[in-house]
Amino acid sequence: MRAFVCAGLFVSAFWTPLTAQAQTYSGISRQTDVAIPRIDGAELNLDGALSEGVWERAARLTDFSQYQPVDGRPASDPTEVFVWYASDAIHFGVRATELHGDVVRATQANRDNIASEDHIQILLDTQNDNRIGYLFGVNPLGVQQDGTRSDQFGGGAGGRSATGGGSRNINPLDGSVDLNPDYSFESAGRLTANGYEVEIRIPFKSLRYQDLDVQDWGIHVLRRVQHSGFQDTWAPAIRANASFLAQSGKLTGLRDMSRGLVLDVTPTVTSAFSGAENPSSDWEYADDTQFGADVKWGIRQNLVLNGTVNPDFSQVEADVGQVVLNERFALFFPDKRPFFLEGLELFDTPGQMIYTRRIIAPIAGAKVTGKVGKLNVATILAADDQEFSASGDNHPLFSVVRLRRDLKGNNTAGAVLTTREDGDFYSRLVGTDARIYHGGKYFLEGQVVGSWSEAGSGAVSGSFSNLTWDRTGRRWGFNYSLNAISPEFEAAAGFVNRTDIVSGRAFNRLSFYGKEGALVETIGGFTGITRIWQYADTGRGPIEGSESVFPSATLRGGWRLSGSLNRNFFSYNPATYADYDVVASPIAASAEVFEVPDKETNQWSGSLGVTTPTFRLFTLSLSSTFGQTPIFVEASPGYGTSYSAVLDARPTSAVRLSFQMQHYTLNRKVDDSQFSREIIPRVKVEYQLTPDIFFRVIAQYASRERSALKDRNGRMIRVNGVPIEASQTNDWRMDWLFSYRPNPGTLLYLGYGTTMEDAGQRRFENLQRLSDGFFLKLSYLFRV
């Protein structure tokens, strides 16, 4: 009997650890198919300490390899990731060891604002199709970052854009990243004596995934080490591949997952008190209080319906100022409005046929996003405010449909349809596109679109076509593209800021890598040739073009150097100056014809830039451009210089300071007189009182001055018989914000903003208020 008991004790002592200890998966050994254990009923205190016994039963991911700046080397700092799941959530634990002393970068930052800190990112490809991954990031203190990452380099519906891996985007890991979406998940972290530990719980209710009883998910785990500038990945990823997500590992055998009913209801109240001067020169405020609600319903695991009534489409941070005085085409600003962010990545098209900021102030909207089988579906139906109707009598109705079907080998085929209906006026668009991967390093992407519109002067139709071929190699890459956009093409729900052109471009990249520990870690650059022809007259030759060289280098510790040398030529379009004439003086009795020059040739320019490593207290980026450029509004040659500085400072773990300065001067070449000058400093101060409470102040000054227009002979230019006089503005903008945000959807914003004119000419001696306003936003997420 005693022998039996002793034997039983021996078997128990031996067997329990054996069954409790899950398998280890070495990334560098390409053991990347992870049989993720299911552990129901485990007790877990989410505090950032991996001390509970459940972590000993989790699958263990080890042996990371370096991706940036040089791929394929073993990571210099060990990282362990533990993963398991229960019926309602997936859990991750991370132990990040730091072998170089007290160098971990971590602060109590605001959500999504951890790019300058050490952090972990987990990419979950829940569709297992290598196309789009959920991004969940945390810094060593548990501050969250979330969004999506895609290998699609096409234009983003809300403002994301990137270039192909073969040209400007040397690192295909960057792909297309959108940090605007917010997902409900839990995280905690803590610093340790030799690094940090974090815990993450992601409920299945926050994810869309396949309609399968048993399924596999793609997984990438990334670690950013700021003191060295390195980025490591668990699944080995190489540069010589057109898809980063296709190089992910797998979580296999997930089953019996339960999201329950996914129904989120978020009532919202917004109140704005906008101030302005009345005819009696008194300052008065107009009250505008609005009630609205958003509803999100998970129709199934892979399909979501969003609805909104009287939504709040305010942005609590003003757009960053841009230099505008010598721009010929509309500038692009990203969309940050909450309703559009659900499934925004599914609206991407190679050309920006969908740009949600075109829907300016909708009174109601509905949206369906998700995946049905192999078909990605994204639709929007929204009614805009009457204020933006051409007649003022209608609510312009927008409808947007984006379909993309998965094909074999990560290939895709898609279609897009958009309409804007405004009474008798309309703008309609339909197109198709495809992306084909081949040879591992290459993809071929094309799009053909037609538009039909009526704006009161008769119905017209137009076309848009694009073809791109890209190679993402380790040492050599390229990106070749050809575009054709007819003059009548219109994308009322998209962003196509130039028509009537045929354009071609060819970029080639070369990259070289230093030995481990060398001063120069990477060095290289790319060369590019661009040509632009007028759509209806390609036979006359190109009207614009350039040849460019862009060298760059990464130095040990994270220093980055960049530069450029460009030769450009530009032609002037006579139609632009059809309403111009010139006079010798304002009192001249007669006007003369404005002579439009043919083109400006041999316009040489260059740039230099340097970015410091992410030091504990600050990061600094400096850049300058210089050289010849046309003054388009005068059709005359010019030369300009610009300087830009961005300083991000972290004096304490709770305070962040950001200072940006842009300075641009443009002079006339014929007499060296100044045509324009723009100075735009911007300061942002953030204080994170607690993980949920945050204060922010933004101050931006925009000083813009432009001389009166004159031609190359010094004569005054008139437009429609009116001289264009000199102008000068000095605007001062300040915004204050208090934010309480315990979770995505539940928040309280209190803020004040004011715009003032500096009549004292940059001396702040006579500030005159132009407008101001107080605002409040309160919403609460009810999650069923």
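The coordinates are above.
Notes on the nonpolar core
Core analysis: the biggest nonpolar cluster contains 37 residues, and Ile90, Phe92, Leu124, Ile202, Trp217, Trp234 and Leu251 have the highest contact counts within it. Looking at this core, the elements with two or more residues in it are strand E3 (59-62), strand E5 (79-85), strand E6 (89-97), strand E7 (119-125), strand E8 (132-138), strand E12 (195-203), strand E13 (214-225) and strand E15 (249-255). Beyond its immediate sequence surroundings of up to four residues, Leu124 is in contact with Ile90, Phe92, Ile132, Gly133, Tyr134, Phe136, Ile202, Trp217, Gly218, Ile219 and Leu251. Counting 24 residues, the second largest nonpolar core, distinct from the first, contains Ala378, Val400, Ala493 and Ile532.

Regarding empty space enclosed by the protein
Enumeration according to the criterion identifies 4 cavities of 30 Å³ or more in this entry. Space inside the largest cavity adds up to approximately 180 Å³. What lines the largest cavity is a set of 18 residues, and nearest its centre among them are Gln127, Ile132, Arg208, Glu345 and Leu346. Elements represented by at least two residues in the lining of the largest cavity include exactly E7, E8 and strand E19 (362-372). Of all the elements, E8 adds the most residues to the lining of the largest cavity, at 3 residues.

So, unusual backbone geometry
With omega at 0°, the peptide bond leading from Gln68 into Pro69 counts as cis. Residue placement: Pro69 occurs in the loop between strand E4 (65-68) and E5. A positive phi angle is found at Ala635, which is not glycine, with a value near 55°. Looking at the secondary structure, you find Ala635 in the loop between strand E34 (618-631) and strand E35 (636-649). With a phi angle near 55°, Asn720 is a residue other than glycine that sits in the positive phi range. As for its placement among the helices and strands, Asn720 is situated in the loop between strand E39 (716-719) and strand E40 (722-723). By relative accessible area, Asn720 is classed as exposed at 59%.

Reading the values: rules and limits
- Residues numbered from 1 in each chain as written.
- Predicted model: local features only at pLDDT ≥ 70, side-chain atom pairs only at ≥ 80, totals over all residues.
- Heavy atoms only, no water.
- Core = buried A, V, L, I, M, F, W, Y, C linked by side-chain atoms within 4.5 Å.
- Buried < 20%, exposed > 50% of the residue type's maximum accessible area, 1.4 Å probe, protein only.
- Helix = DSSP H or I, 4+ residues; strand = E, 2+ residues; numbered from the N terminus.
- Contact = heavy atoms within 4.5 Å.
- 1 Å grid on protein atoms, 1.4 Å probe; cavity = no way out; pocket = protein on both sides within 12 Å on 5 of 7 lines; lining within 4 Å.
- Points joined across faces, edges and corners; volume = space filled by probe spheres on them.

Read these as layout, nothing more, since geometry by itself doesn't imply function.
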